[in-house]
Protein chains: 4
Amino acid sequence: MTMRAGIVGFRGYSGMELQRILAAHPRVTPILLEHRSDGSAPALPIGHTGPERIACTPDAIVGAGIQVVFLATPPEVSMEQAPALLARGVRVIDLSGAFRLKTVERYKHWYKEEHHQEKLLAEAVYGLPEFYRAQIPQARLLSNPGCYPTAANLAIRPLVSAGVVDRAAGVVCDAKSGVSGAGRKPSLKTSYCEVTENFSAYSVLDHRHVPEVLMNSGLEEKEFSFTAQLLPIDRGILETVYFRAKGIGEAEDLLRVYIDAYAGEPFVRLYPLGTLPDLRGVARTNYCDIGVKMDAATGRAVVVACIDNLGKGAAGQAVQNMNLMFGYPEAEGL
Amino acid sequence: MTMRAGIVGFRGYSGMELQRILAAHPRVTPILLEHRSDGSAPALPIGHTGPERIACTPDAIVGAGIQVVFLATPPEVSMEQAPALLARGVRVIDLSGAFRLKTVERYKHWYKEEHHQEKLLAEAVYGLPEFYRAQIPQARLLSNPGCYPTAANLAIRPLVSAGVVDRAAGVVCDAKSGVSGAGRKPSLKTSYCEVTENFSAYSVLDHRHVPEVLMNSGLEEKEFSFTAQLLPIDRGILETVYFRAKGIGEAEDLLRVYIDAYAGEPFVRLYPLGTLPDLRGVARTNYCDIGVKMDAATGRAVVVACIDNLGKGAAGQAVQNMNLMFGYPEAEGL
Amino acid sequence: MTMRAGIVGFRGYSGMELQRILAAHPRVTPILLEHRSDGSAPALPIGHTGPERIACTPDAIVGAGIQVVFLATPPEVSMEQAPALLARGVRVIDLSGAFRLKTVERYKHWYKEEHHQEKLLAEAVYGLPEFYRAQIPQARLLSNPGCYPTAANLAIRPLVSAGVVDRAAGVVCDAKSGVSGAGRKPSLKTSYCEVTENFSAYSVLDHRHVPEVLMNSGLEEKEFSFTAQLLPIDRGILETVYFRAKGIGEAEDLLRVYIDAYAGEPFVRLYPLGTLPDLRGVARTNYCDIGVKMDAATGRAVVVACIDNLGKGAAGQAVQNMNLMFGYPEAEGL
Amino acid sequence: MTMRAGIVGFRGYSGMELQRILAAHPRVTPILLEHRSDGSAPALPIGHTGPERIACTPDAIVGAGIQVVFLATPPEVSMEQAPALLARGVRVIDLSGAFRLKTVERYKHWYKEEHHQEKLLAEAVYGLPEFYRAQIPQARLLSNPGCYPTAANLAIRPLVSAGVVDRAAGVVCDAKSGVSGAGRKPSLKTSYCEVTENFSAYSVLDHRHVPEVLMNSGLEEKEFSFTAQLLPIDRGILETVYFRAKGIGEAEDLLRVYIDAYAGEPFVRLYPLGTLPDLRGVARTNYCDIGVKMDAATGRAVVVACIDNLGKGAAGQAVQNMNLMFGYPEAEGL
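Keep in mind that this is a model prediction, so the values were computed, not measured. (Residues numbered from 1 in each chain as written. Chains lettered and ligands numbered in written order. Predicted model: local features only at pLDDT ≥ 70, side-chain atom pairs only at ≥ 80, totals over all residues. Heavy atoms only, no water.)

Asker: Where do I start with the interface of chain A and chain B in this structure?
Answerer: By convention, interface size is frequently given as the accessible area that disappears when the constituent parts associate. Contacts between chain A and chain B engage 44 residues on the former and 44 residues on the latter. Buried area between chain A and chain B, summed over both chains or domains, comes out near 3,700 Å², and the portion from carbon and sulfur atoms is 55%. The three residues of chain A that bury the most area against chain B are Glu 197, Arg 280 and Arg 300 of chain A, which together make up 18% of that side's buried surface. On the surface where chain A and chain B come into contact, there are 6 salt bridges. Linking Arg 300 of chain A and Glu 221 of chain B is a salt bridge whose minimum nitrogen-to-oxygen distance equals 3.6 Å. Linking chain A with chain B are 34 residue pairs in polar contact (both at pLDDT 80 or more), by the criterion used here. Of all elements in the fold, only β8 (171–177), β9 (200–202), β10 (224–230), β11 (237–244), β13 (288–294) and β14 (300–307) of chain A reach the threshold of two or more residues within the side of chain A that touches chain B. (Contact = heavy atoms within 4.5 Å. Buried area = accessible area lost by both parts, 1.4 Å probe. Salt bridge = Lys/Arg side-chain N within 4 Å of Asp/Glu carboxyl O. Polar contact = N/O pair within 3.5 Å; in protein donor to acceptor, adjacent residues only side chain to side chain. Helix = DSSP H or I, 4+ residues; strand = E, 2+ residues; numbered from the N terminus.)

Written out as structure tokens, the structure reads:
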């Protein structure tokens with residue numbers, strides 16, 4: 001018998017991707033939790049029905065035997081839903097930013113909103129399995145990482161840990177994301193005619209994903225310059241990371257840092273010297289692909305990291321976390 | 001009576017853009033110089049004829065009264081065509097990289113080819129009007145800057161000149177270009193299905209446009225990290241430049257550096273603090289749009305520069321140079 | 001001294017295109033009429049100001065010496081604005097569907113709304129210059145044709161007039177439009193992620209542009225099958241028209257019908273047999289490009305017509321009409 | 001133990017899609033057959049190897065225990081490879097047009113080439129399972145249908161069989177295809193800058209896929225008008241079919257024709273009245289989605305059919321055929 005997993009926000013892009021992944025997951029039956037009816041569901045072919053739908057209330061969720069709920073919702077909705085579900089013994093995987101930062105002060109600083117679930121903030125486990133795998137199985141409340149920070153932390157933390165970054169010179173992370181990262185709610189910024197044949201930067205230096213990188217990469221804010229940019233594509237994030245290497249002599253040494261850091265990791269793939277990953281290679285997968293380049297003479301180093309923002313950057317990683325939380329094989333269904 | 005200007009390579013994207021601009025230029029009649037016949041010309045409507053075409057030979061060019069020839073050709077073709085034209089008294093505006101570097105050694109190092117026109121290398125004037133306007137009117141051989149270096153130099157040189165860059169920390173230039181920058185010759189890399197919904201980095205740290213930035217920006221190679229990346233758009237280059245500011249306290253001071261550097265420039269536009277340019281704003285224009293962001297507390301600074309790679313990055317700037325060479329108003333036809 | 005022309009709805013795509021065209025028109029100064037402030041205006045570079053803006057009230061408009069107002073607005077807004085402007089002696093060019101149909105009954109049938117300006121409906125001149133050029137100079141209220149009907153009527157009417165259509169077999173018009181045709185108001189249907197890598201049909205057989213084709217092409221509804229479809233591009237309409245030819249023997253005869261119909265027309269371009277137009281050829285122009293194919297043995301015939309939906313399909317044609325209304329050269333500024 | 005299946009042309013888009021599908025097929029191990037080495041293979045991550053590769057020679061193929069070979073090759077290559085493989089007892093699924101038509105005359109007429117495998121032309125089974133399922137299990141040489149004809153035949157044949165088409169008025173099939181349908185060999189027509197923001201018709205009335213529709217739909221050439229058009233998307237075909245209905249009164253009757261024709265079919269999905277399929281719904285699937293619209297008063301009818309040209313239009317359908325040929329569940333791996 002399969003485990004029943006609820007999805008709130010199933011009409012959004014992360015929610016739709018969760019539906020897609022879980023529909024093929026051998027151990028899980030997805031249930032859509034109707035929070036509101038907004039008519040945006042696509043027409044279904046005759047004779048085809050989507051997953052079961054029930055009302056998004058704690059009683060209905062518990063009554064339906066749901067053991068875990070994915071919140072693919074804005075932070076303010078997650079902040080409201082999570083406590084009620086946890087109180088009824090339902091585990092929660094939150095894809096929003098509601099529980100990623102560790103203090104209410106930090107949340108207020110970066111999200112410009114009050115946080116009113118301080119205890120849960122402390123309890124939540126940050127679900128980046130490559131770094132926090134040991135803590136995930138016990139998590140009641142799993143906070144799924146942001147899309148930009150997932151790629152940034154996977155690219156940067158091994159460098160900082162290995163001590164190969166000249167921190168005085170700082171680290172630059174130039175990030176580019178597909179439009180689905182902005183969510184499915186219509187807006188002028190994500191309208192077709194505004195995006196196609198265009199490219200633009202936004203939230204330069206002050207994107208609210210920055211603190212997630214600071215908390216997990218080992219860098220301090222003064223050492224880290226981050227720019228988010230909107231690519232005219234549906235899905236995918238590529239981040240180009242620049243730093244000055246120290247203590248290593250050759251590009252091979254740089255690649256070796258990653259090989260050592262990610263030995264045995266099922267979802268981090270490293271590219272041989274002379275090649276680099278691109279967004280095609282990670283589309284509709286849970287992989288983070290990493291490649292490096294370094295000029296030995298000057299120490300200038302560049303790392304390219306690619307993920308699917310809806311895969312390893314959201315729904316894929318959420319399912320990876322669910323697998324760990326419920327003792328399933330980590331890569332099941334991914 | 002208008003001046004007659006020849007175009008070699010008129011079937012390529014830069015050549016097509018030259019045709020488009022010159023067709024509307026009040027002082028010039030464009031003539032297409034048939035170097036070979038390749039059948040790729042689009043069908044013309046009934047009764048419509050394109051510009052006049054003549055054979056691309058020095059005799060025919062001189063005979064047709066052509067005073068200037070645009071070479072929208074690969075470097076090896078430019079290297080062959082330029083001397084013959086100059087010898088017959090025809091001025092040359094070369095859009096290739098053939099004459100942009102100042103020594104044959106540097107050319108060989110970056111282009112991996114021998115250069116066999118050393119004297120012309122020395123004679124050629126680098127046609128970035130914002131920095132070398134005084135030398136352009138007398139040029140016999142005008143070397144039109146590369147697309148990436150145009151944006152990079154316009155963004156970086158004022159900073160270096162003003163001394164506001166902490167050079168020990170280095171300067172990062174993360175560059176993204178539309179596909180037309182790769183030319184019109186079919187290749188797998190520029191095929192629709194390989195590019196759409198994709199994004200990728202190439203020539204990391206060793207792009208052959210790098211020396212043009214080093215020669216004109218004031219930076220040394222060890223201080224400059226450059227990555228070229230392919231955007232799924234037709235035209236446009238956006239470069240995100242990162243550096244550590246010194247000697248200035250606020251973002252206003254950074255913007256002021258540009259205001260001072262580009263006062264009166266017709267083709268550099270600066271954006272007010274809090275806003276940034278994007279590629280839509282420069283499409284089909286000769287503008288370079290620049291915006292800045294800076295964190296006063298830490299000195300982290302970001303500059304965004306946008307051009308149309310076929311406009312200010314190629315054909316537009318070539319016509320701006322032609323205007324200066326022939327004493328026409330600089331912005332005529334642009 | 002230039003004529004002052006007002007634009008209502010200048011933030012929409014047709015309004016933005018009107019701004020672009022009129023900014024370069026030698027006889028006109030565009031004035032933006034602020035109907036509401038919605039903050040969606042893009043940032044302007046330092047020192048650059050857009051066109052003059054005044055309040056969109058009849059008093060302000062008359063006071064500013066404006067002689068003609070372009071209404072790039074939804075039908076209900078046009079229905080409200082037009083009478084007030086006409087009453088004050090200001091001529092009106094309406095780009096909406098408010099005044100294109102000739103009876104209130106027909107309007108209600110296709111637009112599902114009441115029409116409350118019956119007299120103006122009768123007075124309005126349908127501004128398709130190729131067919132109604134004689135009536136346009138005197139128009140007080142000019143109703144600019146819809147984008148789909150412009151291409152459809154230019155493709156079909158000459159065929160019906162020449163009697164070369166087997167009307168019993170009917171005429172099919174398979175139409176494809178870029179997304180800007182749906183307007184700039186954000187909606188899920190026009191969001192980037194819904195449109196890219198997709199293609200879909202809508203309003204099959206009952207699009208509200210159908211009656212404009214019936215009124216001007218000579219076809220009856222039972223003879224005309226029309227499907228609108230959404231292309232993943234910014235701008236452009238291509239319509240593929242199918243019919244059974246009668247009374248002509250060869251493709252040359254079919255092409256001849258168009259050559260005869262459009263002799264001397266500045267904005268209709270015909271393609272030689274063996275070639276067909278595409279959307280690139282008409283982008284950012286006021287042209288309608290037409291090409292034909294016919295199988296002589298069976299009479300199966302296909303006509304391909306291309307326009308820019310914001311050019312000949314909206315703003316371009318509106319300026320062409322303005323030129324005719326004010327006695328300027330018809331192609332001025334286009 | 002799994003069955004070993006070879007792929008010739010694995011670097012093309014159909015071959016890549018075959019690799020993708022077969023890699024996840026539980027009963028098959030794909031083997032890449034190296035016909036030539038062209039260096040276009042993408043870089044693989046460290047530690048990842050693609051499928052096994054062997055030389056594309058009959059000896060090597062037989063020696064490797066391969067039971068079936070997919071030819072994702074041009075017709076001339078298929079015509080050469082198929083006989084040699086069949087002679088060695090290897091079954092062949094050909095994705096090219098080499099064996100789709102039934103006579104050498106017809107082949108020469110539409111493909112403008114001689115056919116020199118007349119016997120195989122007669123033997124080949126046309127692999128459209130919805131119509132020829134009974135003949136597929138015994139096939140030695142399976143000819144996989146063209147992408148356009150798959151959608152056209154699935155849309156049209158039930159109408160003709162049910163006698164609801166007014167054949168005197170003819171049937172129009174306006175087809176639009178993504179760029180991958182043109183293959184992976186670089187060409188100007190499929191270059192990014194030529195395709196993006198463009199749309200164009202080609203092979204109007206004389207596309208070489210037309211005879212496949214005539215052979216399988218029940219229509220005669222004089223009754224069938226077909227236009228192929230290039231969509232600026234990677235993958236997907238949407239065909240809009242127009243006809244005059246006879247003998248049925250309502251749209252429900254039209255939909256009923258399809259419901260009756262496709263009862264129990266796993267890969268044809270029908271849409272409820274009032275809704276239509278789009279390309280997003282079939283991307284990366286083996287489905288053909290069909291929706292209808294009809295004006296009861298006049299009999300004008302429109303059918304919209306969608307497939308993924310690399311799925312049901314090529315590799316997906318080829319695997320469906322393989323499943324039938326080898327007695328596997330028809331939908332296995334799809």
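Past the structure itself, the notes keep going.
Asker: In this structure, what is going on with the sheet that holds strand β8 (residues 171–177) of chain C? I would like to understand it.
Answerer: Where strands meet in a sheet, backbone hydrogen bonds hold them as pairs that are either parallel or antiparallel. Residues and elements named next belong to chain C. Sheet architecture is open: 7 strands sit in the order β9-β10-β8-β11-β14-β13-β12, paired in mixed fashion. Of all strands in the sheet, those bounded by a partner on one side alone are β9 (200–202) and β12 (268–270). Taken pair by pair, the neighbouring strands of this sheet meet at an average axis angle of 25 degrees, ignoring direction. Taken together, the 3 bridges between β9 and strand β10 (residues 224–230) define a ladder with antiparallel strand orientation. Counterpart to Ser 200 in the pairing with β10 is Leu 230. Relative to the sheet, helix α7 (residues 147–162) contacts β8, β9, β10, β11 (237–244), β12, β13 (288–294) and β14 (300–307), its axis offset from that of β11 by approximately 30 degrees. (Pairing = 2+ DSSP bridges. Axes fitted to C-alpha atoms, helices over the stretch in contact; angles between N-to-C directions.)

Asker: Whenever I open this one, the confidence of the model for chain A confuses me. Can you help?
Answerer: Where the model shows low pLDDT, its predicted coordinates should not be examined in detail. Model confidence for chain A is summarised by a mean pLDDT of 96, while 98% of its residues fall at 70 or above. Confidence estimates for the predicted assembly give a pTM of 0.97 and an ipTM of 0.96. (pLDDT = per-residue confidence, 0-100.)

Asker: Would you mind showing me how to read the pattern of salt bridges here?
Answerer: Where charged atoms from two side chains of opposite charge come close, those side chains can pair. Under the criterion given, the structure shown has 96 salt bridges over all chains. Note that Lys 176 of chain D and Asp 174 of chain C form a salt bridge whose closest N and O atoms lie 3.1 Å from each other. In this pair, Lys 176 of chain D sits in strand β8 (residues 171–177) while Asp 174 of chain C sits in strand β8, so the two residues belong to two different chains. For the pair Lys 176 of chain D and Asp 174 of chain C, one class covers both residues: buried. With its nearest N and O atoms 2.7 Å apart, the salt bridge here joins Arg 88 of chain D to Asp 59 of chain D. Here Asp 59 of chain D lies in helix α2 (residues 58–63) and Arg 88 of chain D lies in the loop between α3 (75–87) and β5 (91–94), a separation of 29 residues in the sequence. Accessibility expressed as a relative area gives 40% for Arg 88 of chain D, which makes it partly exposed. Salt bridges here are not isolated pairs; linked through shared partners, they connect Glu 17, Arg 20, Arg 235 and Asp 308 of chain A. (Buried < 20%, exposed > 50% of the residue type's maximum accessible area, 1.4 Å probe, protein only.)

Asker: Teacher, can you tell me more about the domain arrangement of chain A here?
Answerer: All names here are of chain A. Annotation of chain A at the domain level lists domain 1 (3–144 + 313–325) and domain 2 (147–309). Between domain 1 and domain 2, the C-alpha centre-to-centre distance is 25 Å. Contacts between the two partners involve 25 residues from domain 1 and, on the opposite side, 32 residues from domain 2. Regarding the contact of domain 1 and domain 2, the summed buried area is about 2,500 Å², with carbon and sulfur atoms giving 53% of it. The closest approach of N and O atoms between Arg 100 and Glu 212, which form a salt bridge, is 3.1 Å. The tally of links between domain 1 and domain 2 comes to 12 residue pairs in polar contact (both at pLDDT 80 or more). Among the elements of the structure, α1 (13–23), α4 (104–111), α6 (129–132) and α11 (311–325) are those that each provide at least two residues to the side of domain 1 that touches domain 2. If you tally residues by element for the side of domain 1 that touches domain 2, the top one is α11, at 5 residues. (Domains from an automatic or database assignment.)

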